[in-house]
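Residue-level structural notes
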Amino acid sequence: MAIFDSLRIGFGEDAHRLAQGRPLVLGGVAIANAERGAVAHSDGDALLHALSDALLSALALGDIGQHFPDTSPEWKDLDSTVILRHVLDLVSQRDFTPVNVAVTVTLDRPKLGASRAEIAERVAQLLRLTSDRVGVTFKTSEGLAPDHVQARATVLLARSAP
Ligand SMILES: Nc1ccn([C@@H]2O[C@H](COP(=O)(O)O)[C@@H](O)[C@H]2O)c(=O)n1
Ligand SMILES: C[C@@]1(CO)OP(=O)(O)OP(=O)(O)OC[C@H]1O
């Protein structure tokens, strides 16, 4: 089989407005020292939303808004790990598996460095990868976008069956 039949690359991104009284969840990890969290229909986990969209895009399967419409009460306050698990099932049904992922979170405050290892471990666990295959980058917006959290993700998939 040609190499281009066995590999796929995907990209996803997401953004949510920040507000007080909301939790800040990134990669399935609650960020304890956040003064504000993501305004969203779900738990607002921008990292898992971007990652899930990246996985879908690699196989041209649309986006998470199609699979989990934000107009549906069923998905209100949804734990975003449910989205990722569903997307991983779709990927697996097509005989693909993640090889590695790279995620970037843009957020001015709080600093997230202390949570990097926990986020990488949690995402790796969800993807059934080792954490050395989960790159986690944090950026500030340099004050240009202090009221939102943004995430971007790239994934590489490989065919898991001949
Ligand atoms: N929420 C964030 C944002 C950034 N960091 C770390 O700060 C360093 C500098 O970021 P710049 O955007 O100014 O280049 C970099 O090492 C980031 O990892 C962070 O921990 N939390
Ligand atoms: C996750 C869903 C569904 O609860 O809602 P949000 O949390 O608002 O997230 P978004 O990234 O805007 O789009 C996907 C949605 O359909």
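That block above? That's the structure.
This write-up is about the structure you can find in this document. (Residues numbered from 1 in each chain as written. Chains lettered and ligands numbered in written order. Predicted model: local features only at pLDDT ≥ 70, side-chain atom pairs only at ≥ 80, totals over all residues.)

**Comments concerning the sheet that holds strand β5 (residues 96-106)**
Pairing in this open sheet of five strands is mixed, and the strands run β4-β1-β7-β5-β6 from one edge to the other. A single partner strand is all that each edge strand has here, and the edge strands are β4 (37-38) and β6 (134-139). Across the sheet, helix α2 (residues 46-58) is in contact with β1 (7-19), β4, β5 and β7 (148-159); its angle to β1 comes to roughly 150°. (Pairing = 2+ DSSP bridges. Helix = DSSP H or I, 4+ residues; strand = E, 2+ residues; numbered from the N terminus. Contact = placed C-beta atoms within 7 Å. Axes fitted to C-alpha atoms, helices over the stretch in contact; angles between N-to-C directions.)

**Side note on the packing of α2 against helix α4 (residues 80-93)**
Following both chains from N to C, one finds α2 and α4 inclined at 15°, their axes separated by 9 Å at the closest point. With respect to their mutual orientation, α2 and α4 come out roughly parallel. In terms of crossing hand, the pair formed by α2 and α4 is left-handed. Side by side, α2 and α4 meet where L48, H49, L51, S52, L55 and L56 of the first sit next to S80, T81, I83, L84, V87, L88 and V91 of the second. Looking at side-chain class alone, the contact of α2 with α4 contains nine nonpolar, four polar and no charged residues. (Parallel < 35°, antiparallel > 145°, perpendicular 65-115°, else oblique. Left-handed = near helix turned anticlockwise from the far one by under 90°. Nonpolar A, V, L, I, M, F, W, Y, C, P; charged D, E, K, R; others polar.)

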